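Residue-level structure breakdown
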Amino acid sequence: MSRTAPDVEEPPDPEADQPPPGDDHAFLGHPRGLATLSGLEVWERFSFLGMQAILVLYFADAVANGGLGMDPGTAASVSAAYGTMVYLVSVAGGWLADRILGSYRAVLWGGILIACGHYAMAVPTATMTWAGLGLISAGTGLLKPNVASMVGKLYRTDDDRRDAGFALYYMAINTGAFAGPLVTGWLGEHQGWHWGFSAAAIGMTAGLVQYVLGRRHLAGRKHSAEFALAPDAMRAAVTKIIVGCLAFAALATLLAAAGWLAMARFVDLLTLVSVIAPAVYFAIMFRSPRVTPAERTRLRPYVVLFLASVVFNFILFQAYSTMMLLASTSARTEILGFHFPAGWYASALGAFEVALAPVVAALWVRMGHRQPHASNKIAFGVILGGLSFLLMVIPTSGHGGHDYRMAAWWIVGSYLLLGLGDVLLETSGMSATSKLAPKAFSSQTMALWFLSLALANGIQAQVVKVYGQVSDPVYFGVNGAVAVASGLAVIALAPWLRRTMHPVH
């Protein structure tokens, strides 16, 4: 990172941080920049979720087969801990974009780190696997909160296309989520796990090329940060970041060598941080003198939306952990005579979201100001997530033998409910976040939304430890019931949420 980069003179570009004109309908009725950002996310999700679909299977597979030989509960817990780390880093990514790098460069460097991480995982050694996961965590923390905030900058706050734009953006995300597991799942099962990781690396590289070529269509494309630190403060911050990273790496290495930082303890530490980080971050924003009283008022209902996201994503992320393990051991991998790798089940989730996102987007555009309030959309999403787990109680009840295999349609049906819930919650949640964000914390507030994903993964890392120790009907039934009850609670709070979120609809 160049210490003089913020001082570089840029060509005048007065439109660099302004939304495109209201008559920009070049991409399916939306601003042209939406195509660039959506294209980046297609490939980022191809790589990330393609790898995620086989990661828990790689952890649980026998060493003789190229896996790491973990028991199912530990494999799911470590996979969830990795997800926790990915989204925890998003806080630093938001701050770096706001204060040092700017959104465009934060996303660019994040993508580069992600690609390097996947290339590292393509090397068939455990050491390179852990190094690769670390690079991907850092890169995703830079990319995810900032690319989502750049989508928000394409629209003015009162633009009725905003929610529909996020729905299309999310459809693009899930195009990658659909295609990624198809490629990595086949390669992982037929050629070896590290071949699957190689495909993820190539996908992320393609996304970076597309992003750079489409830069001119983006709001927030200038090199400098929107709320850049003063030169002296920036040099001091960069120095502290470098020293802090080196000190952390040295301490972690020392503790691991001494036997204190075992994997189980590291997972517990990440869960603790995932609980503390959002609490501290909310406190900072509520107390900041740069947050106006009106913005502070709108942060209160955002806490409720944050908690709803935690509950839903606790269910959603298990599509890549406990549901993958269940599919690989207790579900048929055959439909209408066609056999497929267990990792392909993850593609069903992406397929449903690709199919449902444009339907939801068209519905919101057609309804205009008559569409449900954002809080109700989120509540419906949480309820559907809970129902997707409750559905699994039926085929897992009364079958204790290891020879039983449920029909593939049960898993597919669960992913259908989960996919619709995801479209409703994530698009509305990201859109509401971009509207409710205090101006001085724009990228960081989007990062706070991703902290809800970190907390969901942190909780999951603890809960999945009991997977395989309690019966499947109890595991899925209790988790699903908690989610449904949480969604109903958000609906009950709807009158207060409408009042305090005004003028956000």
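The rules behind each value
Residues numbered from 1 in each chain as written. Predicted model: local features only at pLDDT ≥ 70, side-chain atom pairs only at ≥ 80, totals over all residues. Heavy atoms only, no water. Helix = DSSP H or I, 4+ residues; strand = E, 2+ residues; numbered from the N terminus. Buried < 20%, exposed > 50% of the residue type's maximum accessible area, 1.4 Å probe, protein only. Contact = heavy atoms within 4.5 Å. Areas by Shrake-Rupley, 256 points an atom, 1.4 Å probe, with all protein chains shown as cover. Patch = residues over 30% accessible without salt bridge, like charges linked within 9 Å, V, L, I, M, F, W, Y side chains within 5 Å. Salt bridge = Lys/Arg side-chain N within 4 Å of Asp/Glu carboxyl O. Phe/Tyr/Trp six-rings, centres within 6.5 Å; stacked < 30°, edge-to-face > 60°. Axes fitted to C-alpha atoms, helices over the stretch in contact; angles between N-to-C directions. Parallel < 35°, antiparallel > 145°, perpendicular 65-115°, else oblique. Left-handed = near helix turned anticlockwise from the far one by under 90°. Nonpolar A, V, L, I, M, F, W, Y, C, P; charged D, E, K, R; others polar. Core = buried A, V, L, I, M, F, W, Y, C linked by side-chain atoms within 4.5 Å. pLDDT = per-residue confidence, 0-100.

Quick notes on the overall build of the chain
Looking only at helices and strands, the chain has 17 helices and two strands in total. Residues classed as buried in the chain amount to 55% of the 505 residues present. Here the analysis covers contacts within the chain between residues at least 6 apart in sequence; of these, 84% occur between residues at least 24 apart. If you sum the accessible surface of the chain, you get close to 20100 Å²; carbon and sulfur atoms cover 68% of it.

A word on a nonpolar patch on the surface
Residues Leu269, Leu272, Val273, Val275, Ile276, Val280 and Ile284 make up a contiguous nonpolar surface patch of about 570 Å² in total accessible area. As for its placement among the helices and strands, Ile284 is situated in helix 8 (residues 263-287). On the basis of relative accessibility, which here comes to 44%, the residue Ile284 falls in the partly exposed class.

Side note on the packing of aromatic side chains
Inspection of every chain in the model, using the stated rule, returns 15 aromatic pairs. Taking 5.5 Å as the distance between ring centres and 85 degrees as the angle between the ring planes, the aromatic pair formed by Tyr58 and Phe197 counts as edge-to-face. Taken together, the residues Tyr58 in helix 1 (residues 33-60) and Phe197 in helix 6 (residues 193-213) connect sequence positions 139 residues apart. The class for Tyr58 is buried, based on a relative accessible area of 1%. Their ring planes at 75 degrees and their centres at 5.6 Å tell us that Tyr467 and Tyr475 sit as a pair that is edge-to-face.

Notes on the environment of Trp95
Mapped onto the fold, Trp95 is located in helix 2 (residues 72-101). Note on Trp95: relative accessible area 28%, which makes it partly exposed. C-alpha of Trp95 to C-alpha of Leu142: the two residues are 47 residues apart in sequence and 9.3 Å apart in space.

Here we look at the packing of helix 1 against helix 2
Taken N-terminus to C-terminus, the directions of helix 1 and helix 2 make an angle of 150 degrees; their axes are 8 Å apart at the nearest point. As judged from the angle between their axes, helix 1 and helix 2 are roughly antiparallel. Both helix 1 and helix 2 take part in a crossing whose hand is right-handed. Across the interface between the two elements, Arg45, Phe48, Met51, Gln52, Leu55, Val56, Phe59 and Ala60 of helix 1 pack against Ala75, Ala76, Val78, Ser79, Tyr82, Val86 and Tyr87 of helix 2. For the contact of helix 1 with helix 2, the residue count by class is 12 nonpolar, two polar and one charged.

Regarding the side chain of Asn313
On the secondary structure map, Asn313 appears in helix 9 (residues 293-316). Those residues in contact with Asn313, other than ones at most four positions away along the chain, are Leu425, Glu426, Leu453 and Ala456.

A word on the nonpolar core
Burial of nonpolar side chains together is a common tendency in soluble globular proteins. Met51, Tyr211, Tyr345, Ile411 and Tyr415 are the most contacted members of the largest nonpolar core, which has 124 residues in total. Of all the elements, helix 1 adds the most residues to this core, at 13 residues. When sequence neighbours within four positions are dropped, the list of residues in contact with Ile411 reads Met323, Leu326, Ala331, Tyr345, Met392 and Met406. The next biggest cluster of nonpolar side chains, apart from the first, holds nine residues, and it includes Leu96, Ala97, Ala106 and Val238.

A look at the confidence of the model for the chain
Residue-level pLDDT values for the chain average 81, and 88% of them are 70 or greater. Segment residues 1-12 is flagged for pLDDT under 50; beyond a separation of four residues in sequence, or across chains, it makes 10 contacts in the model.

Some details on the pattern of salt bridges
In total, this model carries two salt bridges according to the counting rule given. The salt bridge involving Glu44 is made with Arg45; its shortest N-O contact spans 2.6 Å. Side by side, Glu44 and Arg45 carry an identical accessibility label, which is buried. The partner of Lys465 in a salt bridge is Asp268, with the nearest N and O atoms 2.9 Å apart.

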